[in-house]
Amino acid sequence: MQIARRMEPLKGVLVMEMNMRLAKMKQEGKDVINLGIGDPDFNPPGPLLNVLQEAIGHLDYHHYPSFYPQQPLKDAIASWYKRRFHVDLDPGREVLPLLGSTDGLFMVHLCLLDSGDLALVPDPSYPSYEAGVQVTGGQVQKMPLQRENEFLPDLEAIPAEAAKKAKMIWINYPNNPTGATATPEFYRKLIAWAKAYEVTVVSDNAYSEVYFDNRPPVSFLEFSGAKEVGVELHSLSKSYNCCGWRVGMAVGNPDLIAALSKIKAHSDRGIFYPMQLAAINALNSSEDFMEKRNQIFQERRDVLVAGLNKIGLKVYPPKATFYLWARVPEGYSSQDFCFKALEQTNVWMVPGSLYGRYGEGYLRIAFTHPVKRLAEAVERLQGFR
Ligand SMILES: Cc1ncc(COP(=O)(O)O)c(C=O)c1O
């Protein structure tokens with residue numbers, strides 16, 4: 001079999017491979033604490049499950065999704081954006097439902113890049129951005145996210161040559177893996193920069209609803225001129241504790257939304273209709289459960305931060321997301337530390353180097369476990385250190 005050359009740089013997803021390995025360790029009787037899971041350990045709200053269950057019972061809801069009207073889900077997405085971010089969207093032209101944000105995240109590269117085109121990608125970052133660029137035959141230029149810059153890319157440090165050549169720039173706040181959030185000032189600068197260099201902004205806002213200290217993160221689209229230069233990808237996955245549903249959205253620039261919609265008309269057949277009904281219900285219903293859920297995440301964050309500080313790991317408390325970004329101790333590489341910790345304590349943390357070169361020296365801990373279990377992980381790590 002001759003596989004296309006463009007596939008060569010594509011790496012597997014280590015987190016998924018590790019999930020298999022850890023599941024096997026559990027089967028062998030090891031008490032593994034997997035701190036790599038980027039999926040909330042809470043249930044989707046009960047009323048949404050009821051809607052889904054009821055809809056599944058309708059035998060005429062099991063056809064291709066294109067047989068059913070798309071408009072109600074687009075309307076629900078537009079009103080959610082209005083309610084949450086005060087952003088006006090035309091549901092017909094500026095909203096596109098996705099099979100999870102991953103769907104749009106991958107397809108957007110096919111819409112924006114021709115072979116050899118340059119994309120600016122943060123480092124560290126969610127590995128699928130780089131993979132998406134690679135599959136189109138595009139070139140990746142990394143933008144370091146560093147502690148001294150609050151894990152925001154320094155737009156002024158992007159060489160003018162690269163800025164002129166770039167077709168797109170990836171932005172992801174609240175950020176996976178660092179847990180950082182972006183300021184309004186950053187977004188204003190970004191939009192001015194994107195206009196000046198004619199670069200399309202793709203903002204990944206999948207974590208906007210998991211936040212702490214009552215400070216809801218903003219959306220890129222809230223800022224003047226955003227729709228002219230880009231789109232935002234969002235998702236129900238983390239907001240509604242339903243990563244398995246595969247429901248997300250692309251919103252913003254109508255030309256790019258039209259291009260994405262054209263590609264998706266060929267690459268998939270839309271969202272299972274009962275899932276659409278549940279998603280509409282989610283987007284239109286009370287979000288009180290999120291406040292309680294976020295309080296629990298916050299408590300976990302605080303327990304972890306205190307515990308890890310005590311055992312001498314330097315951590316950067318996140319303002320949002322359920323991830324903690326921490327420095328690995330002196331003398332270890334990220335991978336060495338994480339794999340040694342797994343071997344000796346059965347605690348798995350994700351090496352920061354997996355998210356890029358600038359992730360080296362860090363690790364990521366997901367607090368998708370109850371406090372008691374997190375405290376146990378810290379205790380085991382204390383023994384290890
Ligand atoms: C930064 C980021 N973006 C996008 C996604 C994809 O989410 P989904 O496809 O479930 O919407 C993830 C998943 O972990 C993520 O961490």
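Please refer to the structure placed before this passage.
Here the residue numbers are simple positions, counted from 1 along each chain's written sequence. Reporting of local features is limited, given that this is a predicted model, to residues whose pLDDT is at least 70; pairs of side-chain atoms are given and counted only at 80 or more, and all residues count toward the totals for whole chains, interfaces and linings. Hydrogens are left out, water is left out, and the side-chain values use all remaining heavy atoms of the structure.

Enquirer: Is there a simple way to explain the nonpolar core in this structure?
Expert: Residues grouped as a nonpolar core are buried Ala, Val, Leu, Ile, Met, Phe, Trp, Tyr and Cys residues, joined through side-chain atoms within 4.5 Å. Per-residue accessibility, obtained with a 1.4 Å probe over protein chains only, is compared with the maximum for each type, and a residue is labelled buried under 20%, exposed over 50%, and partly exposed between these values. In terms of nonpolar packing, the biggest core is built from 102 residues, with I169, Y187, L308 and M349 touching the most fellow members. Helix and strand labels come from DSSP, where a helix needs a run of H or I of at least four residues and a strand needs a run of E of at least two; each type is numbered from the N terminus. Ranked by residues supplied to this core, first place goes to helix α3 (residues 71-85) with 7 residues. Each residue touching L308, except ones within four places of it in the same chain, is listed here: L313, V315, L324, I365, V378 and L381. In terms of nonpolar packing, the next biggest core, distinct from the first, is built from 20 residues, L98, L105, A119 and L233 among them. Contact criterion: two residues are considered in contact whenever any of their non-hydrogen atoms come within 4.5 Å of each other.

Enquirer: Could you clarify how one ought to interpret the environment of L14 in this entry?
Expert: By the element assignment, L14 lies in helix α1 (residues 14-27). The class for L14 is partly exposed, based on a relative accessible area of 23%. A sequence separation of 207 residues divides L14 from L221, and the C-alpha atoms of the two residues are 32 Å apart.

Enquirer: I keep staring at the sheet that holds strand β5 (residues 166-172) and nothing clicks. Help me out?
Expert: Paired through their backbone hydrogen bonds, the strands of a sheet run either parallel or antiparallel. Spatially, β2-β8-β7-β6-β5-β3-β4 is the arrangement adopted by the 7 strands of the open sheet, whose pairing is mixed. The open sheet has two edge strands, β2 (95-98) and β4 (139-144), and neither has a second partner. Mean inter-strand twist for the sheet, computed between neighbouring axes without regard to direction, equals 20°. Here α3 sits on the sheet and contacts β2, β7 (230-235) and β8 (248-252); the angle it forms with β2, its principal contact strand, is near 110°. Only strands joined by at least two bridges in the DSSP assignment are considered to pair. Fitted lines through C-alpha atoms give the axes, limited to the stretch in contact for helices. The angle between two N-to-C directions lies from 0 to 180 degrees.

Enquirer: Would you mind going over the site of the ligand with me for this structure?
Expert: The nearness test applies per residue and asks whether one of its heavy atoms lies within 4 Å of the molecule or strand. The full set close to the ligand counts 14 residues, and T102, D204, Y207, S235 and S237 are the nearest of them. Any pair of nitrogen or oxygen atoms within 3.5 Å is treated as a polar contact; in protein, a donor-acceptor pairing is required on top of that, and neighbouring residues in sequence qualify only through side-chain atoms on both sides. Within the side chain of T102, a nitrogen or oxygen atom sits 2.5 Å from an oxygen atom of the ligand. At 2.7 Å, a side-chain N or O of R246 approaches an oxygen atom of the ligand. For the ligand, whose unbound accessible area comes to 400 Å², protein coverage reaches 93%. It is helix α4 (residues 100-112) that provides the largest number of residues to the shell around the ligand, a total of 4 residues. Split by residue class, the shell around the ligand holds 4 nonpolar, 7 polar and 3 charged. Surface accessibility in these figures is a Shrake-Rupley result with a 1.4 Å probe; residues are shielded only by whichever protein chains are displayed. Each residue gets one of three labels, nonpolar for Ala, Val, Leu, Ile, Met, Phe, Trp, Tyr, Cys and Pro, charged for Asp, Glu, Lys and Arg, and polar for the others, Gly among them.

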